[in-house]
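Given next are the chains, with one letter for each unit.
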Amino acid sequence: AQSVSQHNHHVILSEAASLELGCNYSYGGTVNLFWYVQYPGQHLQLLLKYFSGDPLVKGIKGFEAEFIKSKFSFNLRKPSVQWSDTAEYFCAVNGLSGGSYIPTFGRGTSLIVHP
Amino acid sequence: EAQVTQNPRYLITVTGKKLTVTCSQNMNHEYMSWYRQDPGLGLRQIYYSMNVEVTDKGDVPEGYKVSRKEKRNFPLILESPSPNQTSLYFCASSLLASGRPGTQYFGPGTRLLVL
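These figures come from a predicted structure and were not determined experimentally.

Asker: Hey, could you go over the state of the cysteines for me, with residue numbers and the actual values?
Answerer: Residue and element names in this part refer to chain A. In this structure the tally under the stated criterion is 2 disulfides over all chains. The residue that forms a disulfide with Cys23 is Cys91, at a sulfur-sulfur distance of 1.9 Å. Given an S-S torsion of about -65°, the disulfide between Cys23 and Cys91 has left-handed geometry. Pair noted here: Cys23 is in the loop between strand S3 (19–21) and strand S4 (24–26) and Cys91 is in strand S10 (residues 87–97), with a separation of 68 residues, a long-range link. Looking at Cys23, the relative accessible area reads 0%, which means it is buried.

Pasting the structure below:
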């Protein structure tokens, strides 16, 4: 079965600091990769996704992620965080499992940005 | 406006009292799914549906039922709720591309407390 690991469960940063959130998955076939964000009290929404092509993907609000196939990784980055980036971030993978494509989510990373 | 709606948003019930959480989407999406979100565990898929009358178990289906009689609706049924089903529940929908769910659009969530 596929799995998704997010290494950082809680991250605390000051405004303007750089951010990198790790995401590794275990699945050998073709995958689609996603990062979702959940702002306090809100539902999840898409931050960015990778299906194919350029492995460096740019998303909303200055976020980007790089798909490194050899490392089974899809790390999320932002060069300078803002207080409004305080949220929970989820990495997700779509891969073939048991004959069906079941999206699998990581456990999430809680990011707190101090003003 | 394209959206996924869930009702109710908040629910307090007692052990054993059957309940249904409704989910509806207006985007003509084939794929619909239910997740539960628990602290430290991220999102775990309960059930999913690839189309009308086609449903399948996710990672944590025990104690839940679903139905997909119409494309837009995907209700979650708890026949005999127990306290360990206290959680935050999200419904999501997406288009299918080559049999895979794409970007998922999430509902606002239903917070359930089972006493």
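Asker: Outline the interface of chain A and chain B, supporting the account with residue identities and numerical values.
Answerer: If you look at the interface, chain A gives 21 residues, while chain B gives 21 residues. Both sides together, the interface formed by chain A and chain B hides about 1,800 Å², and carbon and sulfur atoms give 54% of it. Area buried by chain A at its contact with chain B is led by Tyr101(A), Phe105(A) and Arg107(A), which between them contribute 29% of it. For the side of chain A that touches chain B, the secondary structure elements donating two or more residues are strand S5 (32–38), strand S6 (45–50), S10 and strand S11 (100–105) of chain A. Of all the elements, S11(A) adds the most residues to the side of chain A that touches chain B, at 5 residues.

Asker: Pulling in residues and values, what's your account of the nonpolar core?
Answerer: By size, the foremost hydrophobic cluster in this structure holds 28 residues, and its most contacted members are Leu19(A), Leu33(A), Trp35(A), Leu48(A), Phe74(A), Leu76(A) and Tyr89(A). Counting residues per element, the ones that place at least two in this core are strand S2 (10–14), S3, S5, S6, strand S8 (64–68), strand S9 (73–78), S10 and strand S12 (109–114) of chain A. Excluding anything up to four places from it in sequence, Phe74(A) contacts Cys23(A), Leu33(A), Phe34(A), Trp35(A), Leu48(A), Lys49(A), Tyr50(A), Ala65(A), Glu66(A) and Phe67(A). Val66(B), Leu76(B), Cys91(B) and Val114(B) belong to the second-largest nonpolar core, a separate cluster that totals 19 residues.

Asker: Can you tell me about the pairing of strand S3 (residues 19–25) of chain B, naming the residues and giving the values?
Answerer: Residues and elements named next belong to chain B. Burial analysis of S3 places 5 of its 7 residues in the buried class, which makes it a mostly covered element. As paired strands, S3 and strand S8 (residues 76–78) are joined by 3 bridges and run antiparallel to one another. Its bridge partner being in S8, Thr20 is matched across the sheet by Ile77.

Asker: Tell me about the packing of aromatic side chains, and please be specific about residues and values.
Answerer: What the rule picks out here adds up to 13 aromatic pairs over all chains. Relative to Phe51(A), the ring of Phe34(A) lies with its centre 5.6 Å away and its plane at 80°, an arrangement referred to as edge-to-face. Residue Phe34(A) is located in strand S5, and its partner Phe51(A) is located in the loop between S6 and strand S7 (56–58); the two are separated by 17 residues in the primary sequence. Residue Phe34(A) is classed as buried on the basis of its relative accessible area of 1%. For the pair Tyr64(B) and Tyr89(B), a centre-to-centre distance of 5.9 Å together with 65° between the ring planes defines the contact as edge-to-face. Of this pair, Tyr64(B) sits in the loop between strand S6 (54–57) and strand S7 (65–66) while Tyr89(B) is found in strand S9 (residues 87–94), placing the two residues 25 residues apart along the sequence. A connected cluster of aromatic rings, assembled from ring pairs, spans Phe34(A), Tyr36(A), Phe51(A), Phe105(A), Tyr35(B), Phe90(B) and Phe106(B). Residue placement shows Lys49(A) over the ring face of Phe51(A); its charged tip is 5.3 Å from the ring centre.

Asker: Which residues make up the pattern of salt bridges, and what are the values?
Answerer: In the structure shown here, the tally under the stated rule is 8 salt bridges over all chains. For the salt bridge of Glu64(A) with Lys58(A), the shortest nitrogen-to-oxygen distance reads 2.9 Å. Overall, Glu64(A) belongs to the buried group, its relative accessible area being 19%. Note that Glu79(B) is salt-bridged to Lys65(B), the shortest N-O span being 2.9 Å. Pair noted here: Glu79(B) is in the loop between S8 and S9 and Lys65(B) is in strand S7, with a separation of 14 residues, a long-range link.

Basis of the calculations
- Residues numbered from 1 in each chain as written.
- Chains lettered and ligands numbered in written order.
- Predicted model: local features only at pLDDT ≥ 70, side-chain atom pairs only at ≥ 80, totals over all residues.
- Heavy atoms only, no water.
- Disulfide = S-S within 2.5 Å.
- Helix = DSSP H or I, 4+ residues; strand = E, 2+ residues; numbered from the N terminus.
- Buried < 20%, exposed > 50% of the residue type's maximum accessible area, 1.4 Å probe, protein only.
- Contact = heavy atoms within 4.5 Å.
- Buried area = accessible area lost by both parts, 1.4 Å probe.
- Core = buried A, V, L, I, M, F, W, Y, C linked by side-chain atoms within 4.5 Å.
- Pairing = 2+ DSSP bridges.
- Phe/Tyr/Trp six-rings, centres within 6.5 Å; stacked < 30°, edge-to-face > 60°.
- Lys NZ or Arg CZ within 6 Å of the ring centre and 35° of its normal.
- Salt bridge = Lys/Arg side-chain N within 4 Å of Asp/Glu carboxyl O.

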